[in-house]
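Secondary and tertiary structure notes
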Amino acid sequence: AASNGQTLRLRYTIQTDYNPPFGNIALEAVTLSNGGPPSVTLTSPVNGSIVSLGQMVNATASATDPSGISQVEYLLNGSPFGQTTTAPYSVFFGVPSGTYSIAAVATNAKGITNTSTSATFVVNAEPTVSAGYNQSISLPALVTLYGSVSDDGQPASATLTTSWSKVSGPGTVSFGNPTLPVTTASFSSEGTYVLRLTANDGAASVSSDVSVGVNSS
């Protein structure tokens, strides 16, 4: 028996008492085919996209076939996790922070399948930032700022950065090392200052403020 897409050639020789000038009659070249696989393209999420943790991911594919599409199933990191039978073939889902690969598998009405090109996306949790507790000092003393920052390490290609800055206050502020969560600060004059610790993971920026009361000597 011929397989799908192969050509089956049959030769029949018809012999009669009449001997025509053109010889025997042969019939051949019959093609049997169930048609090719369906066409499928993953349209969402876009390759390289970043989704915030807690946000639903929208998986959508475009799938067509002359015989019709019976279903589209999605593979997350190679494992099936959701399917739909209705265009636009969308599935919504949530996952923990991390890097994921997703692809769509379309099946036509004849049971033939085809898998789309995969896309990679990142689910990112924004940094957690604390500028520490409010303090009070007397000039010319320094204040130690006890900031803290944590992050999930996503996106993996980015570097977590931290920085201190002055939000308000009557004088200038000099930080020992403005890129470290725990550092010192000195003040040019007395008054109330608001200082800000900001963390950026390459996809999200989060800040926290602390107040420092500076008294005269």
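All values derive from a computational prediction rather than experimental measurement.

1. Side note on the overall build of the protein chain
- Within the protein chain, the regular secondary structure consists of zero helices and 22 strands.
- When the 217 residues of the protein chain are sorted by exposure, 33% land in the buried category.
- Looking at the protein chain alone, contacts between residues at least 24 apart form 57% of all its contacts between residues at least 6 apart.
- When the accessible area of the protein chain is evaluated, it comes to approximately 12,200 Å², of which 50% is carbon and sulfur surface.

2. Regarding the sheet that holds strand E20 (residues 182-187)
- If you walk across this open sheet you meet the three strands as E16-E20-E19, and the pairing is antiparallel. Unpaired on one side and paired on the other, strand E16 (143-146) and strand E19 (173-175) mark the two borders of the sheet. For this sheet, the mean angle separating the axes of adjacent strands, direction not counted, is 30°.
- Both E16 and E20 contribute to a ladder of four bridges, which runs antiparallel. Bridge pairing links valine 143 to alanine 185 in E20.

3. Some words on the side chain of serine 116
- Looking at the secondary structure, you find serine 116 in the loop between strand E12 (113-115) and strand E13 (119-124).
- Setting aside chain neighbours within four positions, we find serine 116 in contact with Val40, Thr41, Leu42, Ala103 and Ala104.

4. Quick word on the environment of leucine 42
- Within the secondary structure, leucine 42 sits in strand E5 (residues 39-44).
- The residues contacting leucine 42, other than those within four sequence positions of it, are Thr60, Ala61, Tyr74, Ile102, Ala104, Ser116, Thr117 and Ala119.

5. Some thoughts on the sheet that holds strand E21 (residues 191-200)
- Read from one edge of the open sheet, four strands run E15-E22-E21-E18, paired in mixed fashion. Pairing within the sheet leaves two strands with one partner each, and these edge strands are strand E15 (135-138) and strand E18 (161-168). Ignoring strand direction, the axes of neighbouring strands in this sheet form an average angle of 30°.
- Where E15 and strand E22 (residues 205-215) come together, four bridges link them in parallel fashion. Within E22, the position partnered with isoleucine 137 by the bridge is valine 214.

6. Some words on the confidence of the model for the protein chain
- Residues at a pLDDT of 70 or more form 84% of the protein chain, whose mean pLDDT is 89.
- Contacts of residues 1-8 to residues separated by more than four positions or lying in other chains number 16 contacts, the stretch itself having pLDDT below 50.

7. Re the pairing of E22
- Alignment of E21 against E22, held across 10 bridges, turns out to be antiparallel. Looking at E22, one finds that asparagine 200 is bridged to serine 205.
- Where E21 folds back on E22, the antiparallel hairpin that results is connected by four residues, among which glycine 202 adopts a positive phi of roughly 95°.

8. Observations regarding the nonpolar core
- Counting residues in hydrophobic clusters, the biggest one holds 22 residues, and the most contacted among them are Val72, Tyr74, Phe93, Ile102 and Phe121.
- If you list the elements that add at least two residues to this core, you get E5, strand E7 (57-64), strand E8 (69-76), strand E10 (90-93), strand E11 (98-108) and E13.
- Aside from chain neighbours lying at most four places away, what touches phenylalanine 121 is Pro45, Ser49, Val51, Val57, Leu76, Phe93, Gly98, Thr99, Tyr100 and Ile102.
- Listed in part, the 19 residues of the second largest apolar core include Ala185, Phe187, Leu195 and Ala199.

9. A short note on the packing of aromatic side chains
- Within the structure shown, the criterion is met by seven aromatic pairs.
- Their ring planes at 20° and their centres at 5.5 Å tell us that tyrosine 100 and phenylalanine 121 sit as a pair that is stacked. Linking tyrosine 100 in strand E11 with phenylalanine 121 in strand E13, this pair joins segments that are 21 residues apart in sequence. Both residues of the pair, tyrosine 100 and phenylalanine 121, belong to the buried class.
- Where tyrosine 133 meets tyrosine 146, the ring centres are 5.9 Å apart and the plane angle is 15°; that geometry is what we call stacked. Of this pair, tyrosine 133 sits in the loop between strand E14 (128-130) and E15 while tyrosine 146 sits in strand E16, and the two are 13 residues apart along the sequence.
- Take tyrosine 146: its relative accessible area is 42%, and that puts it in the partly exposed class.

10. Some remarks on unusual backbone geometry
- Between serine 44 and proline 45 the backbone carries a cis peptide bond, its omega angle lying at 0°.
- Positionally, proline 45 belongs in the loop between E5 and strand E6 (49-52).
- That bond from glutamine 154 to proline 155 is cis: its omega, -10°, falls within 30 degrees of zero.
- Of note in this structure, asparagine 77 is not a glycine but carries a positive phi near 55°.
- You can see asparagine 77 is positioned in the loop between E8 and strand E9 (79-84).
- For asparagine 77, a relative accessible area of 47% puts it in the partly exposed group.
- Its identity is not glycine, yet tyrosine 89 carries a phi of approximately 55°, on the positive side.
- Structurally, tyrosine 89 can be placed in the loop between E9 and E10.

Rules behind the numbers
Residues numbered from 1 in each chain as written. Predicted model: local features only at pLDDT ≥ 70, side-chain atom pairs only at ≥ 80, totals over all residues. Heavy atoms only, no water. Helix = DSSP H or I, 4+ residues; strand = E, 2+ residues; numbered from the N terminus. Buried < 20%, exposed > 50% of the residue type's maximum accessible area, 1.4 Å probe, protein only. Contact = heavy atoms within 4.5 Å. Areas by Shrake-Rupley, 256 points an atom, 1.4 Å probe, with all protein chains shown as cover. Pairing = 2+ DSSP bridges. Axes fitted to C-alpha atoms, helices over the stretch in contact; angles between N-to-C directions. pLDDT = per-residue confidence, 0-100. Core = buried A, V, L, I, M, F, W, Y, C linked by side-chain atoms within 4.5 Å. Phe/Tyr/Trp six-rings, centres within 6.5 Å; stacked < 30°, edge-to-face > 60°.

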